[in-house]
Number of protein chains: 2
Amino acid sequence: MTNSTQIAIIGGTGPQGKGLALRFAMAGIPVVLGSRDGQKAAQTATELNQLLGPHCPPITGSDNQSATELAGELVILSVPYSAHRATLSDLKPQLTGKVLIDIVVPLAPGNPKAVQMPAEGSATEEAQALLGDDIPVVGALHNVSAVTLNDLTRAINCDILVCGNQLEAKKKVMALISQLDVSTYNAGLAESARCIEAITPILIRLNISKEVPFSHAGIRIAPPSH
Amino acid sequence: MTNSTQIAIIGGTGPQGKGLALRFAMAGIPVVLGSRDGQKAAQTATELNQLLGPHCPPITGSDNQSATELAGELVILSVPYSAHRATLSDLKPQLTGKVLIDIVVPLAPGNPKAVQMPAEGSATEEAQALLGDDIPVVGALHNVSAVTLNDLTRAINCDILVCGNQLEAKKKVMALISQLDVSTYNAGLAESARCIEAITPILIRLNISKEVPFSHAGIRIAPPSH
């Protein structure tokens with residue numbers, strides 16, 4: 001049954017997808033997880049629901065196509081970059097009339113401290129080119145640590161930079177993400193994803209580095225000092 | 001007279017260069033400003049010294065070639081992107097044995113809310129390619145607002161992401177910049193400049209936007225929340 005406020009998280013059984021599912025459910029937003037294997041998604045949903053209080057809408061799970069169809073409007077894509085193009089091609093029919101939130105970072109194969117951008121410039125631009133202009137793509141949530149998302153004792157230590165070529169779609173995504181108690185910023189057109197996606201490997205580098213006294217760093221927009 | 005701790009700021013009569021000169025002088029570091037017009041640089045230095053207390057080493061000014069020669073080791077390049085290649089070609093002989101700190105952001109002509117990257121990927125990579133591997137290039141200080149730098153009543157609200165292919169040079173630059181009472185982070189190889197330089201137009205966009213309740217935003221690496 002389609003619920004207008006329900007969001008889908010494609011690739012929802014990975015660490016980032018699970019953490020986002022928990023955070024959105026805690027914010028009262030119904031979530032359906034998608035996976036190539038619908039049974040695995042349903043099983044993951046069951047496990048996640050055990051971490052949630054009774055006031056949270058239950059997370060459900062399904063195959064990617066069904067999960068996309070079950071989304072009211074907003075569909076989060078959270079697959080490894082290696083599955084980015086194929087997943088989008090598979091889901092293009094179901095994405096008609098929806099907005100895709102692309103959180104994928106094209107990390108270089110074997111090197112999480114670098115990106116290897118697709119020919120279009122970034123994953124978000126690749127998705128927009130692949131889906132066509134009738135399906136708005138919004139890049140967001142690239143820089144949040146999966147460990148932080150899954151540690152429900154912690155607030156999210158990261159502002160969310162949001163980009164895309166269609167302003168109305170960006171506003172809907174910013175309104176959604178703001179419910180996670182984070183600051184969201186309109187960071188411009190889809191081409192800003194070349195920067196935003198590439199912040200993630202810099203944060204991964206800092207997290208690995210022994211020179212930095214903490215892990216799971218986020219990034220924040222800082223107002224002027226007084 | 002060469003002073004081993006003296007730094008040069010090429011393009012030092014622009015807003016970013018002047019602000020950095022003031023901040024470094026306040027930290028006790030001797031600064032020589034460079035300009036194509038040495039007399040203009042000297043005049044700017046005189047003006048800046050009037051803003052500084054008597055305990056600060058005086059800022060001096062000279063033409064770009066002389067200023068580069070007068071630097072102990074570290075030379076900051078702070079010219080508009082349109083002058084990036086030509087300035088580096090001119091100064092290559094004087095830069096031998098020094099380290100270039102490239103702070104230039106290749107903003108798109110006529111659009112400060114976008115970058116237009118050179119073929120090498122970023123200004124820092126362009127500089128490294130042009131100067132050759134014997135002159136280390138370190139990208140840094142791209143994201144600090146010139147307005148903030150010149151407002152000496154304010155602390156700098158921006159962490160400094162530093163990148164480059166030669167670790168020892170990066171360490172020297174991080175040690176220098178740390179004296180401005182900011183946090184510096186090793187953000188990886190020169191290719192990280194594709195991201196770091198591109199953060200600046202995103203900040204400019206936010207500063208222009210009426211949706212954001214402040215201007216002169218910086219960026220910060222955020223530790224985990226508690």
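Cut-offs applied
- Residues numbered from 1 in each chain as written.
- Chains lettered and ligands numbered in written order.
- Predicted model: local features only at pLDDT ≥ 70, side-chain atom pairs only at ≥ 80, totals over all residues.
- Heavy atoms only, no water.
- Contact = heavy atoms within 4.5 Å.
- Buried area = accessible area lost by both parts, 1.4 Å probe.
- Salt bridge = Lys/Arg side-chain N within 4 Å of Asp/Glu carboxyl O.
- Polar contact = N/O pair within 3.5 Å; in protein donor to acceptor, adjacent residues only side chain to side chain.
- Helix = DSSP H or I, 4+ residues; strand = E, 2+ residues; numbered from the N terminus.
- Buried < 20%, exposed > 50% of the residue type's maximum accessible area, 1.4 Å probe, protein only.
- Pairing = 2+ DSSP bridges.
- Axes fitted to C-alpha atoms, helices over the stretch in contact; angles between N-to-C directions.
- Parallel < 35°, antiparallel > 145°, perpendicular 65-115°, else oblique.
- Left-handed = near helix turned anticlockwise from the far one by under 90°.
- Nonpolar A, V, L, I, M, F, W, Y, C, P; charged D, E, K, R; others polar.
- Least-squares fit on C-alpha atoms with pLDDT ≥ 70 in both.
- Expected span 1.5 Å × (residues − 1).
- Arc of directions from axis to C-beta.

- As recorded in an unreviewed UniProt entry, chain A goes by the name Reduced coenzyme F420:NADP oxidoreductase, listed as coming from Vibrio xiamenensis.

1. Details of the interface of chain A and chain B
- Taken together, the contacts link 37 residues of chain A with 37 residues of chain B.
- For the chain A and chain B pair, buried surface summed over both sides reaches about 3000 Å², with 66% attributable to carbon and sulfur atoms.
- On the surface where chain A and chain B come into contact, there are zero salt bridges.
- Counting across the interface, chain A meets chain B through eleven residue pairs in polar contact (both at pLDDT 80 or more).
- Looking at the side of chain A that touches chain B, the elements with two or more residues in it are strand S7 (111-115), strand S10 (184-186), helix H8 (193-208) and strand S11 (218-222) of chain A.
- At eight residues, the largest contribution of residues to the side of chain A that touches chain B is made by H8(A).

2. A look at the pairing of strand S11 (residues 218-222) of chain B
- Within S11(B), four of the five residues are buried, which leaves it mostly tucked inside the rest of the structure.
- Here five bridges tie S11(A) to S11(B), and the two strands are oriented antiparallel to one another. If you follow Ile219(A) over to S11(B), its bridge partner there is Ile221(B).

3. Considering the packing of helix H4 (residues 84-95) of chain B against helix H5 (residues 123-131) of chain B
All names here are of chain B.
- Between H4 and H5, the least distance of the axes is 10 Å, while the angle of their chain directions is 45°. Overall, the two elements H4 and H5 adopt an arrangement that is oblique. When you trace H4 past H5, the crossing you get is right-handed. On H5, the residues touching His84, Arg85, Leu88, Ser89, Lys92 and Leu95 of H4 are Ala123, Glu126, Ala127, Leu130 and Leu131.
- A breakdown of the residues in the contact of H4 with H5 according to their chemical character gives six nonpolar, two polar and three charged.

4. Some remarks on the relation of the copies chain A and chain B
- When chain A is fitted to chain B, the best match, at an RMSD of 0.0 Å, comes from turning it 180° and sliding it 0.0 Å along the axis. The operation mapping one copy onto its partner corresponds to a two-fold rotation axis. Considering only C-alpha atoms, the part of chain A nearest the rotation axis is Cys195(A), at 2.2 Å.
- By residue overlap, the copies meet face to face through one surface: 100% of the interface positions of chain A are interface positions in chain B.

5. Details of the pairing of strand S1 (residues 7-10) of chain A
Residues and elements named next belong to chain A.
- Covered by surrounding structure in S1 are Ile7 and Ile9 together with Ala8 and Ile10, the residues of both alternating faces.
- With four bridges connecting them, S1 and strand S2 (residues 31-35) associate as parallel partners. Residue pairing for S2: Ile10 is matched across the bridge by Gly34.
- Sheet topology places S1 next to strand S4 (residues 74-77); three bridges connect them, and they run parallel. Residue pairing for S4: Ile10 is matched across the bridge by Leu77.

6. Focus on helix H4 (residues 84-95) of chain A
Residues and elements named next belong to chain A.
- The terminal C-alpha atoms of H4 lie 14 Å apart, and with twelve residues this falls more than 12% below the ideal 16 Å at 1.5 Å per residue.
- Turning to H4, its buried residues are His84, Thr87, Leu88, Leu91, Gln94 and Leu95. What you see down the axis of H4 is that its buried residues fit within an arc of 105°, all on one side.
- Turning to H4, the residues buried within the fold contact S1, helix H3 (64-70), S4, strand S5 (99-102) and helix H5 (123-131).
- Once H4 finishes, Gly97 follows within two positions and takes phi at roughly 85°, a positive value.

7. What to know about unusual backbone geometry
Residue and element names in this part refer to chain A.
- In this structure, Leu141 takes a positive phi of about 65° despite not being glycine.
- Along the chain, Leu141 falls in the loop between strand S8 (137-139) and helix H6 (146-150).
- A relative accessible area of 4% means that Leu141 is categorised as buried.

8. A few points about the sheet that holds S4(A)
All names here are of chain A.
- Strand order in the open sheet made by the eight strands is S3-S2-S1-S4-S5-S8-S9-S10, with mixed pairing throughout. Strands with a single pairing partner mark the edges of an open sheet, and in this sheet they are strand S3 (60-63) and S10. With direction set aside, neighbouring strand axes in the sheet form an average angle of 25°.
- Inspection of the sheet shows S2 paired to S3 by four bridges, in the parallel sense. Directly across from Gly34, in S3, lies its bridge partner Ser62.

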